Amino acid sequence: MYKENAPFKYDFVGSFLRPETLKKARIDHAEGKINDEELRKVEDHEISKLILKQKELGYHVITDGEFRRSYWHLDFMWGLNGIKHIELDHGYFFHGEETTRGSIAVSGNIDGRHHPFIEHFKFVKQFEDENTVARQTIPAPAQLYAELFRGDNGDNTIKYYPDDECLIQDIAAAYRTVIADLYAAGCRNIQFDDCTWGLLCDDRYWQNVSNAAAEREKTAEKYLRLNNLALENKPSDLVINTHVCRGNYHSTWASMGGYEPIAKVLFENEKVDGFYLEFDDERSGGFEPLRFVAKDKKVVLGLITSKSPKLENPKDIVARIHEAAKFVPFEHLCLSPQCGFASCEIGNKLTEEEQWKKLILVKQIAENVWGE
């Protein structure tokens with residue numbers, strides 16, 4: 001099996017453009033025109049087709065494309081006990097666009113028992129073979145913590161959790177429960193998606209925060225500790241990687257800035273097996289912060305953008321891989337798009353055909369560079 005090799009030399013972050021049939025079914029379900037079972041049948045059918053395409057292209061990882069979700073993060077959070085679905089007065093403010101308004105609120109003690117994503121994973125697991133491993137993507141624990149203090153959410157969160165340490169411990173325990181249940185279902189590859197570190201890189205945000213340097217350091221240490229608490233007692237044969245994201249909504253972005261402000265804390269100390277990092281444009285800065293990556297970690301270079309249909313010049317990508325190899329051992333590097341193609345149902349501004357061309361390019365470049 002390929003489990004022990006994840007992340008792979010050619011890889012992807014996990015979400016894919018939703019087919020029109022699926023989009024219509026989800027709208028019909030929301031309007032009460034079809035029931036849960038009818039929606040599930042459409043989801044199952046479209047996920048099966050997606051996995052066959054992933055295999056056809058020769059990728060060693062398969063995912064459900066996040067086809068059962070509205071958002072990359074909120075659907076997972078809504079599946080936790082003690083969390084409810086709410087709508088805020090506004091969405092996230094991305095560069096030139098506002099997102100839809102979904103969010104979460106605490107409604108009781110948070111725990112991870114009986115999470116619906118376990119059954120979602122089992123559906124993908126059945127398609128595993130000797131050449132592929134099923135991956136489950138979930139938002140990082142720090143992302144849940146951050147959402148609980150987004151906007152006015154913090155007032156409600158403090159009512160239920162006046163002691164911040166109790167909140168941190170319950171979030172970590174909930175994740176350990178979900179991870180253990182995924183493992184029991186046969187999962188050996190999990191990916192944390194995490195926008196919190198992207199915001200920590202953004203100097204514009206911290207310019208308006210009093211005592212910004214100290215607050216940024218304090219926040220980074222809190223997020224690191226929470227994520228690592230969730231990883232305690234992880235089985236040795238379970239691979240968990242993390243994707244550091246700067247926002248991905250309808251081809252727009254939320255944060256900018258190089259990794260230097262968080263590199264030492266994150267790259268040296270988060271107890272994951274590898275990092276999926278965005279390097280698709282100048283917003284991500286240079287490769288120098290990679291000097292802090294722990295020696296046993298892999299780095300997946302997100303050099304191919306999922307935000308645009310324009311295909312990158314392979315020679316330029318190869319040159320950038322070799323530039324990154326000045327800071328991370330060449331054999332520890334991999335290649336992927338910088339993010340998924342549809343972090344939310346709306347998807348990025350490209351077609352399914354253009355999406356697949358991107359992945360074909362990733363594989364071709366990786367095989368040329370590493371001979372795999």
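Definitions and cut-offs
Residues numbered from 1 in each chain as written. Predicted model: local features only at pLDDT ≥ 70, side-chain atom pairs only at ≥ 80, totals over all residues. Heavy atoms only, no water. Phe/Tyr/Trp six-rings, centres within 6.5 Å; stacked < 30°, edge-to-face > 60°. Buried < 20%, exposed > 50% of the residue type's maximum accessible area, 1.4 Å probe, protein only. Helix = DSSP H or I, 4+ residues; strand = E, 2+ residues; numbered from the N terminus. Lys NZ or Arg CZ within 6 Å of the ring centre and 35° of its normal. Pairing = 2+ DSSP bridges. Core = buried A, V, L, I, M, F, W, Y, C linked by side-chain atoms within 4.5 Å. Axes fitted to C-alpha atoms, helices over the stretch in contact; angles between N-to-C directions. Parallel < 35°, antiparallel > 145°, perpendicular 65-115°, else oblique. Left-handed = near helix turned anticlockwise from the far one by under 90°. Contact = heavy atoms within 4.5 Å. Expected span 1.5 Å × (residues − 1). Arc of directions from axis to C-beta. Polar contact = N/O pair within 3.5 Å; in protein donor to acceptor, adjacent residues only side chain to side chain. Nonpolar A, V, L, I, M, F, W, Y, C, P; charged D, E, K, R; others polar.

J.: Mind showing me how you'd approach the packing of aromatic side chains here?
T.: Given two aromatic rings, their pairing is described by the distance between the two centres and the angle made by the two planes. Per the stated rule, a full pass over the model turns up 19 aromatic pairs. Between Tyr145 and Phe149, the ring centres sit 5.0 Å apart and the planes meet at 40°, which makes this aromatic pair tilted. By relative accessible area, Tyr145 is classed as buried at 8%. Taken together, a centroid distance of 6.0 Å and an interplanar angle of 90° make the contact between Tyr175 and Phe192 edge-to-face. On the criterion of sequence distance, the pair formed by Tyr175 in helix 7 (residues 164–184) and Phe192 in strand 8 (residues 189–194) is long-range, its members being 17 residues apart. Here the two residues Tyr175 and Phe192 agree in accessibility, since each one is buried. Following the ring pairs from residue to residue traces out a cluster consisting of Tyr10, Phe12, Phe16, Tyr59, Phe341 and Trp356. Seen from the ring of Phe123, Arg68 lies directly overhead, with NZ or CZ sitting 5.2 Å from the centre. Above the ring of Tyr259, the side-chain terminus of Arg246 is found at 4.3 Å from the ring centroid.

J.: What should I look at first to understand unusual backbone geometry in this one?
T.: Positive phi outside glycine occurs at His114, with the angle close to 60°. Turning to its location among the elements, His114 is positioned in the loop between strand 5 (102–111) and helix 4 (117–125).

J.: So what exactly am I meant to see when it comes to the pairing of strand 7 (residues 136–139) here?
T.: Two faces make up the sheet, and in a regular strand the side chains alternate between them. Burial of the side chains of strand 7 extends over both faces: Gln136 and Ile138 are buried on one face and Thr137 and Pro139 on the other. Direction of pairing for strand 7 relative to strand 8: parallel, over a ladder of four bridges. Paired with Pro139 across the strands is Asp193, a residue of strand 8.

J.: Explanation requested: the nonpolar core in the structure shown.
T.: Note that soluble globular proteins tend to have their nonpolar side chains buried in a common cluster. Ranked by internal contacts, the top residues of the largest apolar core, which has 110 residues, are Trp197, Phe267, Leu290, Leu301 and Ile321. For this core, the element with the most residues is helix 7, which contributes nine residues.

J.: Looking at this structure, I do not really get the sheet that holds strand 10 (residues 274–278). What am I missing?
T.: What holds strands together in a sheet is hydrogen bonding between their backbones, with the strands either parallel or antiparallel. The parallel open sheet is built from six strands, whose spatial order is 7-8-9-10-11-12. Because the sheet does not close on itself, it has two edges, and the strands there are strand 7 and strand 12 (333–337). Averaged over all neighbouring strand pairs, the angle between strand axes comes to 25°, with direction disregarded. As defined by bridge partners, strand 8 adjoins strand 9 (residues 239–244) across six bridges and the pair is classed as parallel. Each residue of the ladder has a partner; that of Ile190, found in strand 9, is Ile240.

J.: What is the right way to read the packing of helix 10 (residues 212–230) against helix 11 (residues 260–269) from this model?
T.: Their axes nearest at 10 Å, the elements helix 10 and helix 11 cross at an angle of 20°. Between helix 10 and helix 11, the angle is such that the two are roughly parallel. Regarding helix 10 and helix 11, the two cross each other, and that crossing is right-handed. Across the interface between the two elements, Arg216, Ala220, Glu221, Leu224 and Asn228 of helix 10 pack against Pro261, Val265 and Asn269 of helix 11.

J.: I'm lost on helix 13 (residues 352–370) in this one. Help?
T.: Quick reminder: α-helices carry 3.6 residues per turn. Residues three or four places apart thus point the same way. An ideal rise of 1.5 Å per residue puts 27 Å on 19 residues; helix 13 measures up with 27 Å between its terminal C-alpha atoms. Restricting attention to buried positions, one finds in helix 13 the residues Gln355, Trp356, Lys358, Leu359, Leu361, Val362, Lys363, Ile365, Ala366, Val369 and Trp370. Gly371 occupies a position one or two residues after helix 13 and carries a positive phi of about 70°.

J.: Looking at this model, I keep getting lost on helix 1 (residues 20–30). Mind explaining?
T.: What helix 1 keeps buried is the set Leu22, Ala25, Arg26 and Asp28. Each buried residue of helix 1 lies within a common arc of 160° when the element is viewed along its axis, so the set occupies one face. In helix 1, the exposed positions that point more than 90 degrees away from the buried face belong to Glu20, Lys24 and Ala30. Turning to helix 1, the residues buried within the fold contact helix 2 (36–56). In the segment just after helix 1, Gly32 is the residue with positive phi, at about 80°.

J.: For this particular structure, what's the right way to read the side chain of Asn189?
T.: Positionally, Asn189 belongs in strand 8. Residue classification places Asn189 among the buried positions, given a relative accessible area of 0%. One polar contact links Asn189 to Arg135, side chain to side chain, over a distance of 2.8 Å.

J.: Can you help me understand the packing of helix 7 against helix 10 in this one?
T.: The angle between the axes and the distance between the axes are what describe a pair of packed helices. One can describe the packing of helix 7 onto helix 10 by two numbers: an axis separation of 7 Å at closest approach and a directional angle of 40°. Taken as axis vectors, helix 7 and helix 10 run oblique relative to one another. For the pair helix 7 and helix 10, the crossing hand works out as right-handed. Where helix 7 abuts helix 10, its residues Asp164, Glu165, Ile168, Gln169, Ile171, Ala172, Tyr175, Arg176 and Ile179 lie against Lys222, Arg225, Leu226, Leu229 and Ala230. The class makeup of the residues in the contact of helix 7 with helix 10 is eight nonpolar, one polar and five charged.

Scope: geometric values only; no functional claims are made or implied.
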